[in-house]
Structures are given as structure tokens and as C-alpha cells.
Amino acid sequence: MSESQLHDCRHAFSDMLVELGEEDERIVVVNNDSVGSSNTGPFRKRFPNRLVNVGIAEQNLVGVGAGLANAGKIPFVCSASCFLTGRALEQIKADVAYSNANVKLVGISSGMAYGALGPTHHSIEDFAWTRAIANLTVVAPADPEETRQAVRVAAHTRGPIFLRLSRMGVPVLYDASYNFEIGKASRLRDGADVTIIANGVLVTRALAAAELLATHGVQARVLNMATVRPLDRDAIVAAARETGAIVTVEEHTVFGGLGGAVAEVIVQTVPVPMRLLGVPGVFAPTGGAEWLLEHFRLTPEGIRDAALELQQSRAHV
Amino acid sequence: MTLTAGAGQDVVAELRRRATEIRRRDLQMVVDAGNGHIGGDLSATDILATLYFGVLRVNPERPDDPERDRFILSKGHCAGALYTTLALRGFIPVDELHTFMAPLSRLNGHPDRNKVPGVETNTGPLGHGLPVGVGAAIGGQIDGATWRTFVLTGDGELQEGSNWEAAMTAGHRGLDHLTVIVDRNRFQQGDATESTVRLDPLAERWRAFGFAVTEVDGHDHAALLDVLSAAPLEPGKPTCVIAHTVKGKGVSFMENRAEWHHKVPSRDQLASALKELGDE
């Protein structure tokens, strides 16, 4: 896929933020010296008085967001996901989720998007941390259109939300006819043999894996599970009933993330064999973002092989 | 009821009467619950009484009024003093106080804004109130609003770095509708603050972060009323009021004793405490 076909979803985020800012003066942005990395420069240029930069201070970042919500604003608190979730987790829990403050947390450059900057800058624990917190919606959009819609829905839905965005280039999956809903999986491909559940930057790879599987005579259903909490239990149970096996794929540790969330549903409803693909509980070695996805076999081929291995193990039961 | 600044002796007498009532009901409540943080409650009581009965523009009938003053109790473990004050000010029924920390009571050991009207944000972990107060003040600043934000912190709590992140932002943005009140009782849970990790020179530290600072006797209602009504001390600067207080104030056997941070009085101790406080 050529670079020109790939899109950095931060641009869709940034454009929608300005659009929302025009529509509603309560929309404000809070940054931690992250105007550039979160692509909120256009918002600052258009609404200089409504961008609050608290400096390099993440606890304060999230607390200030909660306070702005208290004052009637709709704050988008934007920061590198690793620092937002790791450094300010207690503020996310107490000031935002438990207080039910109308704060929109936006974790930028999540997963391993920072590549060779290393594990300090990777955010492969953020699903586990955030989805463990009550009253916090967790969403990871897969492409520019889904990003646009998720940002709009976040602004218009009262209550706390964590949007997990990336900077890695992704191809277009959806057009304007798509209708993003919190808590609803999107079925991108149907099949009866296995279901691949992914989100974020890996949805495209899940679809490519399904094409590879078809050449092996295996028809895979592909679900984009953009919302990790609240989870689309109906789609998961249907996938288990109708396809009998599930492979989850996430740019996250396999502990406590999307795969864990799906498994929690599966073991209590329709137990079927699963494979959980992601980062296998290690700090990543040095390497660029794409290289790391290859390294951890979060590739069409890696997903295909896991699905085939799963099919074989079922055949031997 | 809202009293105006610069009011006379009758106002101060009313604040004193309210403070005594808060202390008496809070002690009773903590004994009933078998739980609470009475030492810090008593050091903050006169500040709370002055705010709610003399300073804050709040209305129990409209706790979400966008133009209300905001009060944030950063030392959330002193919820007992806050609930008692809110009850006497009409936000919750006084006869609900006996449910404090009982199963399914909305009066949790730390305040929950979604259950208790008048609570602005859920506190409990320390160092959370000031960043939220700074955010609220920035929101008001963006709108050019007239309402003010008051944050009451403990002194030991100032060991949390998040306070100083927020203080930097407040100073940088010149949030003159923000007032931080430090309940300077010089004790934290385990020991004196200065034996644990030194806070002094506290006033100089706040000044260095861009605050206009004043120090008052945190049990002198007239002094508290004057300074809190007059805030900001300087236009263009956030205000810090260091209120020198006594942990356990008003009950002789509790005063300045670290163990009363969260010790619960016996029935006999309650009786002697109430006797000391009198009926005022």
C-alpha cells in the first residue's frame, strides 16, 4: 500500500475539533505542551482563548479538564496516550470517571506508534487501565471517518470518554454512510469459520488476514470492535455461536485489553476456542512502529497463521 | 442566607454559633459512625463555617447554578465537617447526618458530587482539589464570569506534587478568582508536617508560584471573613490564605495530637467534648 493511501487520523481529529468548536463555544482543548503532537494547532489558531496549555503536567492536565467541565465547558484533554493514562490514571479515575465529569480524554499516538522511542513512550497498557474504571467509555477508531464520527459523538454524549488515537497511517475503511455508535461493533466482512476481532490500526490487517484465509478455504468474519467499553456483547456472542472460534488482535499487551475483554464475555456465555494476539507481556525491543508490528506478528500473515492454527486445534478435539 | 463582607459583631457571633453547631454535630456523627477524621474536621470547621455562612454565593435550592461560587474540599477525608456544614446550610437534611458511612448512605467517607448536592468534585486521594479548582477558574476566566472558586487543602497534602503543577498554572494565568486556603494545622496522619517533609517557608513558596499570600488565624471568624470576602488580595493574581489552625480545635484532649487524625472518641469522651464546646 502506498504512503499516499494512508491517513494519519490525527488530521481527522483536528478537523472535527475545529468543526465542533465552530458549532459550540463550550468546546475547549487542554494540552500538556502537546499542541503539535496532538495536532491541535488549528484549534488554537481558530480559538486561541479556548486552548489551555498547562505545560508538562499530566495530573494537572486531567484535573484542569475536570474543573473546566465543572465550569460548563466540554473539554477535550489531549496528550500522548502513554502519559495521559499512565501519569494521570488516578485523576482519570477520581476527577473524571467517578466524579462523572463531562471530560473527553484523547490519548494520541497510542499503542507502539512512537516506535523506536521505546517502551516508555508506548501505550500498550491503556485499554487495560482505562477499561477497568467504572463509568468510562473506551473507544479506539480505525480510520479517518470513524475518528471524525467518534469525536463528534464524544462531544455530543454527556459523560467521560477515552478516545485512543494513533499517528500510524491507516487506509480508508469507511465513507460518510457509516454510522459509528458507542458500544456497537462494525462487521466489515462475514464468514462462518472464524471471527477476527480487532480495533484501531489493526483492523485493516485483520481484513487482509481474512483475504489470505479465504485462499485456504477459511471464511473469516471480521469485527471492528472500536468500543472496548461498553463492549458489544451481542456481536461477540453471535460470533461465537455462528463461527465457533475467535481471534482477537490488538496493538496492546495481551493482558487485560481487547482480547481479555472479549474472553470475559466468551467464557461466561458461549465458550469457544480463542487466540489472543497482541504484545505478549514484554517491553518491546528497539524498532519503528511498523517494524514492531511485524516483530510481534501483528500482520496479515501472523493473524492468518493464528487463525489456521486455531482451526487445526479445533479439528483435533 | 448570605451575609455581606464587613458585617458587624452580630455576623461574627453567628459564624461562631454555626461553627460550634458544626463541631457538636460532627463529633456526634463520627461517634455514631464509629469512623471519620475528627482532628482535621475540627481544624477546618471555622473556615467552613465562615465560607458557607458568610462568603460563598451558593443556593441550596439551585446547587448547579452556573453562576455559583465553587468550593472544593481537597482534603476529602474531612467529609464529615463538609456534610455537617452542607446540612446546616440546607443542602441535605440535618437528620440524614446519622447515616454517615452507614451501608448505602450517600454520605460516603469521602464526598461524592453525584450523590450529595453542593459537592463540586469527588475528592479523597490528596492533591486533586487544586487542579480541578484551577480548571474551574480557567473556565470562569474564559467566560469573564464573576463567580469565585475556593479550594481548601490540608497542609500535609501539599507534599503532593500535583498541587504545585496546579499552582504554577494558576500563577501563570493570573487566576484572581481563585483562592486557595491552606488548613495549616501542622500535622499529617503520622506526625508533624515539619518532621515528615518540611513545608516551610510555606508563604514564600506560594508567593514564588505567583500567588498573593496572606496568613490568618484559622479560628478567628472575623479575620477569616475579612480576608475571604476581600479576595483577590491583588488583581491579576490568585490568592493563597494560609490559615493557621489547631488540629482537633475546640476539644482540649484532641488538640495538636496526631493520633486524633482518625481516632474515634468513646461515648465518655464525646460527652466531655460536648461539655467543653458548650451549647452556643
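Here is what the cut-offs are and how they apply
- Residues numbered from 1 in each chain as written.
- Chains lettered and ligands numbered in written order.
- Predicted model: local features only at pLDDT ≥ 70, side-chain atom pairs only at ≥ 80, totals over all residues.
- Helix = DSSP H or I, 4+ residues; strand = E, 2+ residues; numbered from the N terminus.
- Rg over C-alpha atoms; globule rule 2.2 N^0.38 Å.
- Buried ≥ 20, exposed ≤ 12 C-beta atoms within 10 Å, placed from the backbone.
- Pairing = 2+ DSSP bridges.
- Axes fitted to C-alpha atoms, helices over the stretch in contact; angles between N-to-C directions.
- Contact = placed C-beta atoms within 7 Å.
- Nonpolar A, V, L, I, M, F, W, Y, C, P; charged D, E, K, R; others polar.
- Right-handed = clockwise from strand over helix to strand, strands pointing away.
- Core = buried A, V, L, I, M, F, W, Y, C linked by C-beta atoms within 7 Å.
- Domains from an automatic or database assignment.
- Expected span 1.5 Å × (residues − 1).
- Arc of directions from axis to C-beta.
- pLDDT = per-residue confidence, 0-100.
- Parallel < 35°, antiparallel > 145°, perpendicular 65-115°, else oblique.
- Left-handed = near helix turned anticlockwise from the far one by under 90°.

**A look at the overall build of chain B**
Helix and strand content of chain B: nine helices and five strands. Reading chain B from its N terminus to its C terminus gives the helix and strand order α-α-β-α-α-β-α-β-α-α-β-α-β-α. In terms of overall size, chain B behaves like a compact globule, its C-alpha atoms giving a radius of gyration of 17 Å where 280 residues would be expected to give roughly 19 Å. Structurally, chain B occupies a C-alpha span of about 50 × 45 × 40 Å along its principal axes. Residue burial in chain B is summarised as follows: out of 280 residues, 53% are buried.

**As for the sheet that holds strand E4 (residues 212-217) of chain B**
Each strand in a sheet pairs with its neighbour through backbone hydrogen bonds, running either in the same direction (parallel) or in the opposite one (antiparallel). Residue and element names in this part refer to chain B. Within the open sheet, the five strands sit side by side as E1-E2-E3-E5-E4. Their pairing is parallel. Strand pairing shows two members of the sheet lacking a second neighbour, strand E1 (70-73) and E4, which therefore form its edges. The average undirected angle you get between the axes of adjacent strands in this sheet is 20°. Here E4 runs beside strand E5 (residues 239-244); their pairing, made up of six bridges, is parallel. Each bridged residue has a counterpart across the sheet, and for Val 213 the counterpart in E5 is Cys 240. Its contacts with the sheet place helix H4 (residues 129-143) against E1, strand E2 (149-154) and strand E3 (178-184), and it is angled at close to 170° to E2.

**Quick look at the interface of chain A and chain B**
Taken together, the contact pairs 25 residues of chain A with 25 residues of chain B. Contributing elements (two or more residues each) for the side of chain A that touches chain B: helix H3 (58-70) and helix H5 (89-98) of chain A. The element that contributes the greatest number of residues to the side of chain A that touches chain B is H3(A), accounting for nine residues. Grouping the amino acids of the side of chain A that touches chain B by side-chain chemistry returns nine nonpolar, twelve polar and four charged.

**Considering the pairing of E5(B)**
Residues and elements named next belong to chain B. The buried fraction of E5 is high, at five of six residues. Alignment of E3 against E5, held across six bridges, turns out to be parallel. Bridging from a neighbouring strand, Ile 181 pairs with Val 241 of E5. Considered for its hand, the β-α-β crossover made up of E4, helix H8 (residues 221-230) and E5 is right-handed.

**Here we look at the nonpolar core**
A:Val30, A:Leu105, A:Leu163, A:Ile196, A:Ala206, A:Val247 and A:Ala307 are the most contacted members of the largest nonpolar core, which totals 177 residues. With ten residues, helix H2 (residues 38-55) of chain B is the single largest residue contributor to this core. Shared between two domains, this core holds at least three residues of each, these being domain 1 (3-164) and domain 2 (186-315) of chain A.

**Some remarks on the domain arrangement of chain A**
You'll often see interface size given as the accessible area lost when the parts meet. All names here are of chain A. Domain parsing of chain A yields domain 1 (3-164) and domain 2 (186-315). Look at where the C-alpha atoms of domain 1 and domain 2 centre, and you get two points 26 Å apart. Counting from both sides, the interface comprises 23 residues of domain 1 and, opposite them, 25 residues of domain 2. Per-class residue counts for the side of domain 1 that touches domain 2 are 14 nonpolar, five polar and four charged.

**Section: the sheet that holds strand E1 (residues 27-31) of chain A**
Residue and element names in this part refer to chain A. Judged by pairing direction, the sheet is mixed, and its seven strands sit side by side in the order E2-E1-E3-E4-E6-E5-E10 without closing on themselves. Every interior strand has two partners, whereas the edge strands, strand E2 (51-53) and strand E10 (227-229), have only one. Between one strand axis and the next, the sheet turns by 20° as a mean value, whatever way the strands run. Most of the contacts of helix H7 (residues 144-156) go to strand E6 (residues 161-164), to which it runs at about 170°, and overall it touches E1, strand E3 (74-80), strand E4 (104-108), strand E5 (137-139) and E6.

**Section: helix H12 (residues 300-315) of chain A**
Residue and element names in this part refer to chain A. Between its first and last C-alpha, H12 extends 23 Å over 16 residues, near the 22 Å set by a 1.5 Å rise per residue. Among the residues making up H12, those that are buried are Ile 303, Arg 304, Ala 306, Ala 307 and Leu 310. Along the long axis of H12, the arc covered by the buried residues comes to 165°, so they all point the same way. Opposite its buried face, H12 presents the exposed residues Glu 309, Gln 312, Ser 313 and Ala 315, each directed more than 90 degrees away. Contact partners of the buried residues in H12: strand E8 (194-198), helix H8 (203-214), strand E9 (220-224), strand E11 (246-253) and strand E12 (274-279).

**Digging into the confidence of the model for chain B**
Residue and element names in this part refer to chain B. In the predicted model, chain B carries a mean pLDDT of 96, and 97% of its residues have values of at least 70. This stretch, residues 1-5, has a pLDDT under 50; its non-local contacts, to residues over four places away or in other chains, come to seven contacts. Scored as a complex, the prediction yields pTM 0.96 and ipTM 0.95.

**Some thoughts on unusual backbone geometry**
What is expected of a backbone is that most residues other than glycine have negative phi and most peptide bonds are trans. Residue B:Pro201 is reached from B:Asp200 by a cis peptide bond, and omega for that bond is 5°. Examined against the element boundaries, B:Pro201 turns out to sit in the loop between helix H6 (193-196) and helix H7 (202-208). A cis amide bond, omega 10°, links B:Ala231 with the succeeding residue B:Pro232. Within the chain, A:Asp33 stands out as a residue other than glycine whose phi angle is a positive 55°. Relative to the assigned elements, A:Asp33 resides in the loop between E1 and helix H2 (41-46). Among the residues examined, A:Asp33 registers 13 C-beta atoms within 10 Å and is labelled partly exposed.

**Some remarks on the packing of helix H1 (residues 9-33) of chain B against H8(B)**
For any two helices packed against each other, one specifies the crossing angle of their axes together with the interaxial distance. Residue and element names in this part refer to chain B. One can describe the packing of H1 onto H8 by two numbers: an axis separation of 9 Å at closest approach and a directional angle of 110°. Taken together, the axes of H1 and H8 are roughly perpendicular relative to one another. Note on element contacts: H8 touches H1 through His 221, Ala 222 and Leu 225, opposite Val 12, Leu 15, Arg 16 and Ala 19. Across the contact of H1 with H8, the residue classes break down as five nonpolar, one polar and one charged.

**Re the packing of H1(B) against H2(B)**
Residues and elements named next belong to chain B. Across the interface, H1 lies against H2 with an axial gap of 9 Å and an inter-helix angle of 140°. Classified by the interaxial angle, the pair formed by H1 and H2 is oblique. The hand of the H1/H2 crossing is right-handed. Here Val 11, Glu 14, Leu 15, Arg 18, Ala 19, Ile 22, Arg 23, Asp 26, Leu 27 and Val 30 of H1 lie close against H2, whose contacting residues are Ile 38, Asp 41, Leu 42, Thr 45, Asp 46, Leu 48, Ala 49, Thr 50, Phe 53 and Gly 54. Grouping the constituent residues of the contact of H1 with H2 by class yields eleven nonpolar, three polar and six charged.

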